[in-house]
Amino acid sequence: MSRSRENDTPMVFKGTVWKFGHNIDTDVIIPARYLNDSDPVSLAEHCMENANSGFSLKMKPGDLIAAGSNFGCGSSREHAPIALKAKGVSCIIAETFARIFYRNAFNTGLPILESRDAVMGIKEGDTIQVELETGRILNLDTGRSFQAAPVPEFMRQILKDGGLIPHIIRRGSG
Amino acid sequence: MPMTITEKLLADHAGLREVFPGQLVHATIDIALGNDITAPIAIKQFQKIGVKHVFDKDRVVLVPDHFAPNKDIQSAEQCRMLREFSREQHLTHYFEVGNAGIEHALLPEKGIVLPGDLVIGADSHTCTYGALGAFATGVGSTDLAAVMATGKLWFKVPESIKLIYTGRRRPWVGGKDLILYTIGKMGVDGARYQAMEFVGETIRRLPMDDRFTMANMAIEAGAKNGIFIPDPTTAAYVKRRATREFRFYRSDPKAIYREVMEFNLDQIEPQVALPHSPENVRGISEVGEISIDQAVIGSCTNGRISDLKQAASILKGKKAAPGVRLIIIPATPSIYREAMKKGYFDIFLNAGGVISPPTCGPCLGGYMGVLGKGERAVATTNRNFIGRMGHQESEVILSNPSVAAASAVLGRLAGPEELGIEQE
Ligand code: SF4
């Protein structure tokens, strides 16, 4: 299997962390008033603007998000992971994800991991490194490392292929 | 192995004799749904896959309802994509403005979703159809695209939570109050990734519309699906609608549940969810003085005929308080017509209300009643997240239709009992 296709998701990330609380809903991630457009770039402009944080203005491409439980609850809008990805978020670590968001993130090739310990052990502004393959999360500022919940093999495959559609094209089945 | 209704449905659709929670299965889909927000992305993804035709033109359903009738040029373009795709693919169930209504009220009404079905929709409130004894769950646009192409999708079999309701409902207490009360107890992730199975003597006496309302909000507890065991009430509802076969599943007596919760309703009053979370639930008598600027009666949660009837029985001969905008949105054209025939429109208009065509409209802050800065609405919708109905600094309180109507009259959050009106 080739790993060099342009869609392929890279498997290691390093970046600065933005922290959010519990139950960050999809209306916060991308308010419904912008859903009359599905263009990733225009969606990214409004990403997290209901969250009242410096994130929407100051985050840099490659930064990561660490959040509490039930991240992405609410609507099924795939615009949420699309907006986060287009904004440049490289990976999201949460205590838990809401189920539709969980599917959507894999399907659109947005890397996500679940680890309560990591979320507790990371502060906003910390630099961390994440290995998707193993689920290892390393806080480079404190030297502490954490292990994320395992991801089923076939979902890792979807993510590696860059999302469900490239996955189906490459392997012929969803 | 004894199984729950949810497990049986998934097993049958995956061609397996039995399944267990946590198992990943590849299942055949009976109905796949998209709307004007989610289908455009699904259509683009479908085209990337490169298959020519959808897996079954009778089983892919597209409904422009969120920002339709088109609210602006961008919405018009999204709706145009649905229209053109439906024409190209000869979809049986595409609903043009005039025939369209809010998807989760429309599909059961038309007999498109039936008991025993496995339904996915690129809309989180697809779980509404669990009221019929179907397994129905929301997915994203890319999942919808995969189903349009292949007719199948992977699922993780959820654990089930059994929710038992007993006792007599007090006046003005309906499905909305039961589900708000439940979410208030469980929290917005209390059923995350799980099936909520609604049972008990109160449920057996619960009308179909109220069941839809309850299943609709299962997602607000984080559930994958909400489900009712089909019974004579279900049978009476589907009998005159179904044009294909359907099947009643039920849970085995020894099926295994992750949790069993019991609610006695004898003392439960109408419930409301205060900003900004559906779990922020109080009884109506505990809310104190909260003024409102707008009351919205509609949505896939409470835009059905019995909801409008409730609102009409409160508003009859009354007026919305000065400064309160009263917006009524029948969920489908046939509900609209029935409400008109029954004389509810006169009541609403005399009360100073405005009657919107069927649409999601303000429920998701689209149009037909978006809130400005600092404004507060009581709404029969299902979500009161920050900015859900408009400005980031506006607020939404969730309630049943009788509370929304009574609040409109009094200009503050209030229950129908304050107006001294008895439920018929
Ligand atoms: S009425 Fe509201 S909750 Fe229901 S489908 Fe429309 S936007 Fe979604």
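Check the entry above for the structure.
Residues numbered from 1 in each chain as written. Chains lettered and ligands numbered in written order. Predicted model: local features only at pLDDT ≥ 70, side-chain atom pairs only at ≥ 80, totals over all residues. Heavy atoms only, no water.

Enquirer: Sorry, what's going on with the overall build of chain A here?
Expert: In terms of regular secondary structure, chain A is built from eight helices and seven strands. Its C-alpha atoms give chain A a radius of gyration of 15 Å, within 12% of the compact-globule value 16 Å for 174 residues. For chain A, the proportion of its 174 residues judged to be buried stands at 63%. Intrachain contacts of chain A at a sequence separation of at least 6 include 66% that bridge at least 24 residues. Summed over its atoms, the accessible surface of chain A is roughly 6400 Å², and 51% of this surface lies on carbon and sulfur atoms. Side-chain charges of chain A comprise 20 positive and 20 negative groups, with the mean position of each set lying 4 Å from the other. (Helix = DSSP H or I, 4+ residues; strand = E, 2+ residues; numbered from the N terminus. Rg over C-alpha atoms; globule rule 2.2 N^0.38 Å. Buried < 20%, exposed > 50% of the residue type's maximum accessible area, 1.4 Å probe, protein only. Contact = heavy atoms within 4.5 Å. Areas by Shrake-Rupley, 256 points an atom, 1.4 Å probe, with all protein chains shown as cover. Lys, Arg positive; Asp, Glu negative; His and termini not counted. Charge placed at Lys NZ, Arg CZ, Asp CG, Glu CD.)

Enquirer: Honestly, the sheet that holds strand β4 (residues 93-94) of chain B in this entry has me stumped. Any pointers?
Expert: Residues and elements named next belong to chain B. Pairing is parallel in the open sheet, where five strands are placed in the order β4-β3-β2-β5-β6. Every other strand in the sheet has two partners, leaving β4 and β6 (135-138) as the edge strands with one partner each. For strand β2 (residues 31-35) and strand β5 (residues 118-121), the ladder comprises three bridges, and the chain directions are parallel. Residue Ile 31 lies in a different strand from β5, and its bridge partner there is Val 119. (Pairing = 2+ DSSP bridges.)

Enquirer: When you look at the layout of surface pockets in this model, what are you seeing that I'm missing?
Expert: A probe matching the size of a water molecule, rolled over the atoms, marks out where space remains unfilled. All names here are of chain B. Quantified by volume, the largest pocket comes out at close to 880 Å³. For the lining of the largest pocket, the elements supplying multiple residues, two or more each, are α4 (103-109), α6 (175-186), α8 (208-216), α11 (305-315) and α12 (333-341). Ranked by residue count, the leading element in the lining of the largest pocket is α11, at six residues. For the lining of the largest pocket, the class distribution of residues is 11 nonpolar, 12 polar and 16 charged. (1 Å grid on protein atoms, 1.4 Å probe; cavity = no way out; pocket = protein on both sides within 12 Å on 5 of 7 lines; lining within 4 Å. Points joined across faces, edges and corners; volume = space filled by probe spheres on them. Nonpolar A, V, L, I, M, F, W, Y, C, P; charged D, E, K, R; others polar.)

Enquirer: Can you walk me through the site of the ligand in this structure?
Expert: All residues adjacent to the ligand are B:His66, B:Ile102, B:His104, B:Asp123, B:His125, B:Ser299, B:Cys300, B:Cys360, B:Cys363, B:Leu364, B:Asn382 and B:Arg388. A molecule is said to occupy a pocket when more than half its atoms come within 2 Å of that pocket's grid points, and by this definition the ligand occupies the largest cavity. (Near = heavy atom within 4 Å. Sits in = over half its atoms within 2 Å of the grid points.)

Enquirer: Help me understand a positive patch on the surface, please; the structure alone is not making it clear to me.
Expert: All names here are of chain B. On the surface, Arg 168, Arg 169, Arg 204 and Arg 205 cluster together to form a positively charged patch. In this fold, Arg 205 is placed in the loop between α7 (201-204) and α8. Residue Arg 205 is classed as partly exposed on the basis of its relative accessible area, which comes to 47%. (Patch = residues over 30% accessible without salt bridge, like charges linked within 9 Å, V, L, I, M, F, W, Y side chains within 5 Å. Salt bridge = Lys/Arg side-chain N within 4 Å of Asp/Glu carboxyl O.)

Enquirer: Please explain the interface of chain B and chain A as it appears in this structure.
Expert: It is common to give the size of an interface as the accessible area that goes away when the parts come together. With 45 residues of chain B in contact, the opposing surface of chain A contributes 42 residues. Summed over both sides, the interface of chain B with chain A buries roughly 3700 Å², with 55% coming from carbon and sulfur. Of all residues in chain B, B:Trp154, B:Arg192 and B:Gln392 bury the most surface against chain A, accounting for 18% of the area lost on that side. Linking chain B to chain A there are two salt bridges. Scanning the region where chain B abuts chain A turns up 24 residue pairs in polar contact (both at pLDDT 80 or more). Within the residue set of the side of chain B that touches chain A, elements represented by two or more residues are β1 (24-28), α2 (39-49), α3 (73-88), β6, α5 (141-150) and β7 (152-156) of chain B. (Buried area = accessible area lost by both parts, 1.4 Å probe. Polar contact = N/O pair within 3.5 Å; in protein donor to acceptor, adjacent residues only side chain to side chain.)

Enquirer: Help me understand the pairing of strand β17 (residues 376-379) of chain B in this model?
Expert: Remark: a regular strand shows side chains that alternate across the two faces of the sheet. All names here are of chain B. Note: strand β14 (residues 294-297) against β17, three bridges, orientation parallel. Opposite Val 296, over in β17, you have Ala 379 as the bridge partner. Pairing between β17 and strand β18 (residues 395-398): four bridges, direction parallel. In the strand pairing of β18, Ala 377 is matched with Val 396.

Enquirer: Can you help me understand the side chain of B:Asp143 in this one?
Expert: With respect to the helices and strands, B:Asp143 occurs in helix α5. Taking the relative accessible area as the measure of exposure, B:Asp143 reaches 0% and is therefore buried. At a separation of 2.7 Å, a polar atom in the side chain of B:Asp143 contacts the side chain of A:Asn107. Discounting chain neighbours no more than four positions away, the residues touching B:Asp143 are A:Glu78, A:Arg103, A:Asn104, A:Asn107, A:Leu164 and B:Leu153.

Enquirer: What exactly am I supposed to notice about the sheet that holds strand β9 (residues 195-199) of chain B here?
Expert: Backbone-to-backbone hydrogen bonds pair the strands of a sheet. The strands run either parallel or antiparallel. Residue and element names in this part refer to chain B. Pairing within the open sheet is parallel, and its four strands lie in the order β10-β9-β8-β11. The two strands at the open ends of the sheet, each matched to only one other strand, are β10 (225-228) and β11 (259-264). Shown here is a sheet whose adjacent strand axes are inclined to one another by a mean of 20°, direction ignored. Relative to β10, β9 runs parallel, the two sharing four bridges. (Axes fitted to C-alpha atoms, helices over the stretch in contact; angles between N-to-C directions.)

Enquirer: Would you take a moment to explain the side chain of B:Thr359 for this structure?
Expert: Residue and element names in this part refer to chain B. The residue Thr 359 is located in the loop between β16 (354-355) and β17 in this model. Using a relative accessible area of 0% as the deciding quantity, one classes Thr 359 as buried. Within the local environment of Thr 359, its side chain forms a polar contact with the side chain of Tyr 367, the two groups lying 3.2 Å apart.

Enquirer: How should I be thinking about the packing of aromatic side chains in this particular structure?
Expert: Aromatic rings considered in pairs are described by the distance between their centres and by the relative angle of their planes. Scanning all chains against the criterion turns up 18 aromatic pairs over all chains. Through a chain of ring-to-ring contacts, three or more aromatic side chains come together here, namely A:Phe71, A:Phe97, A:Phe101, A:Tyr102 and A:Phe106. Its end group placed over the ring of B:Phe155, A:Arg103 keeps NZ or CZ at 5.5 Å from the ring centre. When the ring centre of B:Tyr193 is taken as origin, the NZ or CZ atom of B:Lys156, which lies over that ring, is 4.5 Å away. (Phe/Tyr/Trp six-rings, centres within 6.5 Å; stacked < 30°, edge-to-face > 60°. Lys NZ or Arg CZ within 6 Å of the ring centre and 35° of its normal.)

Enquirer: Looking at this model, I keep getting lost on empty space enclosed by the protein. Mind explaining?
Expert: For the coordinates displayed, the defined rule picks out four cavities of 30 Å³ or more. Taken as a whole, the largest cavity encloses approximately 220 Å³ of empty space. Along its surface, the largest cavity is lined by 23 residues, and B:His66, B:Asp123, B:His125, B:Leu364 and B:Arg388 are the ones closest to its centre. Going through the elements one at a time, α4 and α10 (299-302) of chain B are the ones with two or more residues in the lining of the largest cavity. Tallied by class, residues from the lining of the largest cavity come to seven nonpolar, 10 polar and six charged. Of the volumes computed, that of the second largest cavity is approximately 40 Å³. Lining the second largest cavity, in full, are A:Asp27, A:Pro31, A:Ala32, A:Arg33, A:Asn50, B:Leu364, B:Gly365, B:Ile386, B:Gly387, B:Arg388 and B:Gly390.

Enquirer: Sorry, what's going on with the pattern of salt bridges here?
Expert: Opposite charge on two side chains makes pairing possible when the charged atoms of those side chains draw close. This model, assessed by the stated rule, comprises 30 salt bridges over all chains. Of the charged contacts in the structure, one is a salt bridge between A:Arg116 and A:Glu95, with a shortest N-O distance of 3.4 Å. You can see A:Arg116 sitting in helix α6 (residues 116-120) and its partner A:Glu95 sitting in the loop between β3 (91-94) and α5 (99-108), a full 21 residues away along the chain. B:Arg211 is paired through a salt bridge with B:Asp231; the nearest N and O atoms lie 2.8 Å apart. Highlighted residues: B:Arg211 in helix α8 and B:Asp231 in the loop between β10 and α9 (232-239), separated in sequence by 20 residues. Like B:Asp231, B:Arg211 is buried. Linked by salt bridges that have partners in common, A:Glu133, A:Glu153, A:Arg156 and A:Lys160 make up one network.

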